[in-house]
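# A look at the structure
One-letter residues, chain by chain:
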Amino acid sequence: ELDAAEVRFQKRIDDGIRVEPQDWMPDRYRKTLIRQISQHAHSEIVGQLPEGNWITRAPSLKRKAILLAKVQDEAGHGLYLYSAAETLGISRDQMVDDLHSGKAKYSSIFNYPTLTWADVGAIGWLVDGSAIMNQIPLCRCSYGPYSRAMIRVCKEEAFHMRQGYDMLMSLCRGTPEQKQMAQDALNRWWWPSLMMFGPPDADSVHSEQSKQWKIKLFTNDELRQKMVDQTVPQAEYLGLTIPDADLKWNAERGHYDYGAIDWEEFYNVVKGNGPCNRERIATRKKAWDDGEWFREALVAHADKKSKSKLQ
Ligand code: 3HC
């Protein structure tokens, strides 16, 4: 049963009025945004690791420079999102603590290994492609700081997806071995990329409330379907085969029908048993510990500066 304040709040949401940090909001609204935005930020930061380990092994200076720019962008996306989450009253340290303790999630997709250079292309095309599909609607979500952060993120993600697709285009036009490398990467990244959109709508615990609060503008399955419909022609253009024997255009629906997703694998990875979960968290913990001295120096410098201003 909603009380009067929540009824007024829902009316503002229904009227498309953005919620700003200083506005009154139901605790549950605040909590679900802290959950989603902090986990989104963690995804960006952990998302740097899979492709980061190819920066030193990029096949050309051009590809190295592009990959460096992309990984650096992801760090920036993480910072925008941590800042957006801080406007809701949670501290950066608390969020980082929750990631390291396993209390907070990050996107399942980043627990898979990047075995060849083609994986870097598949990540740009499929992972950033799925991220864009999910993030475009978030530019219009009801919480001001989150929607504004998304506008900048989406501009940069467009470059991430294009550079990945361009890389696969080069491989597919290269030697048979290079094309096979691209096909192998598609085989390994296709299904985990579809899992990024979250569990099927029937199993999504937050969707209904998030839709009512205009945090989620489309359901998990609606965005997943849009991603499949968009990506099949792109794979055909590359001359690659999508690893799904049940994939078929359904003229009646106006969409592609596709095969069953292995949700057991999904929940297993989310629970922490994916190929790289432990390595990813260990790497983040080490980076955090190694950076302690730098954070302390920044704070000491800031304190000194603010003291000198007061004199
Ligand atoms: N990986 C890990 N956990 C996932 C998940 C995934 N792919 N999909 C869903 N979950 C979790 C949810 O977080 C929730 O658990 P929680 O209550 O502990 O948070 C549970 O599964 C149930 O899922 P729901 O559908 O009910 O949850 P949501 O309504 O939050 O929907 C979501 C999940 C669609 C991922 C939504 O949280 C969202 O839109 N988040 C913002 C976008 C985001 O985080 N994208 C991740 C990728 S970012 C990225 O790819 C960076 C790019 O630059 C490379």
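Okay, so let's go over this structure. (Residues numbered from 1 in each chain as written. Predicted model: local features only at pLDDT ≥ 70, side-chain atom pairs only at ≥ 80, totals over all residues. Heavy atoms only, no water.)

## Regarding the pattern of salt bridges
- Counting across every chain of the model gives 18 salt bridges.
- For the salt bridge of Lys-11 with Asp-15, the shortest nitrogen-to-oxygen distance reads 2.7 Å.
- On the basis of relative accessibility, which here comes to 47%, the residue Asp-15 falls in the partly exposed class.
- Between Glu-51 and Lys-70 there is a salt bridge; the shortest N-O distance is 2.5 Å. Of the two residues, Glu-51 sits in helix α3 (residues 48-52) while Lys-70 sits in helix α4 (residues 61-86), which places them 19 residues apart along the sequence. Residues Glu-51 and Lys-70 agree in their burial class; the two are buried.
- Each of Glu-51, Lys-70, Glu-74 and Asp-128 takes part in salt bridges that share partners, so that together they form one network. (Salt bridge = Lys/Arg side-chain N within 4 Å of Asp/Glu carboxyl O. Buried < 20%, exposed > 50% of the residue type's maximum accessible area, 1.4 Å probe, protein only. Helix = DSSP H or I, 4+ residues; strand = E, 2+ residues; numbered from the N terminus.)

## Looking at the packing of helix α2 (residues 27-46) against helix α5 (residues 92-101)
- Here α2 crosses α5 at 65 degrees, and the two axes come no closer than 11 Å. What the angle tells us is that α2 and α5 run roughly perpendicular. In this structure, the crossing between α2 and α5 has a hand that is right-handed. Every residue of α5 that contacts α2 at Ser-38, His-42 and Val-46 is listed here: Met-95, Val-96 and Leu-99.
- Class assignment for the residues of the contact of α2 with α5 results in four nonpolar, two polar and no charged. (Axes fitted to C-alpha atoms, helices over the stretch in contact; angles between N-to-C directions. Parallel < 35°, antiparallel > 145°, perpendicular 65-115°, else oblique. Left-handed = near helix turned anticlockwise from the far one by under 90°. Contact = heavy atoms within 4.5 Å. Nonpolar A, V, L, I, M, F, W, Y, C, P; charged D, E, K, R; others polar.)

## As for the side chain of Glu-157
- Following the sequence through the fold, Glu-157 ends up in helix α7 (residues 144-172).
- Buried charge without a partner: Glu-157 forms no salt bridge, and the closest opposite charge is Lys-70, 5.6 Å away.
- Here Glu-157 is in contact with Glu-44, Glu-74, His-77, Asp-128, Ala-131, Ile-132 and Gln-135, once residues within four sequence places are set aside. (Lys, Arg positive; Asp, Glu negative; His and termini not counted.)

## Concerning the site of the ligand
- Near the ligand you find 30 residues, and of these Glu-74, Lys-105, Ser-108, Glu-157 and His-206 are the closest.
- Within the contact set of the ligand, an oxygen atom lies 2.9 Å away from a side-chain nitrogen or oxygen of Arg-35.
- Gln-36 is positioned such that a nitrogen or oxygen atom in its side chain is 3.4 Å from an oxygen atom of the ligand.
- In the complex, the protein chains occlude 89% of the 1000 Å² of accessible area that the ligand would expose alone.
- The element best represented in the shell around the ligand is α2, accounting for six residues.
- Residues belonging to the shell around the ligand are distributed by class as follows: twelve nonpolar, eleven polar and seven charged. (Near = heavy atom within 4 Å. Polar contact = N/O pair within 3.5 Å; in protein donor to acceptor, adjacent residues only side chain to side chain. Areas by Shrake-Rupley, 256 points an atom, 1.4 Å probe, with all protein chains shown as cover.)

## Considerations on the environment of Leu-240
- Relative to the assigned elements, Leu-240 resides in the loop between α10 (220-238) and β1 (248-250).
- Along the sequence, Leu-240 and Gln-183 sit 57 residues apart, while their C-alpha atoms lie 5.9 Å from each other.
- Leaving out residues up to four positions away in the same chain, Leu-240 has contacts with Cys-172, Lys-179, Ala-182, Gln-183, Leu-186 and Ala-235.

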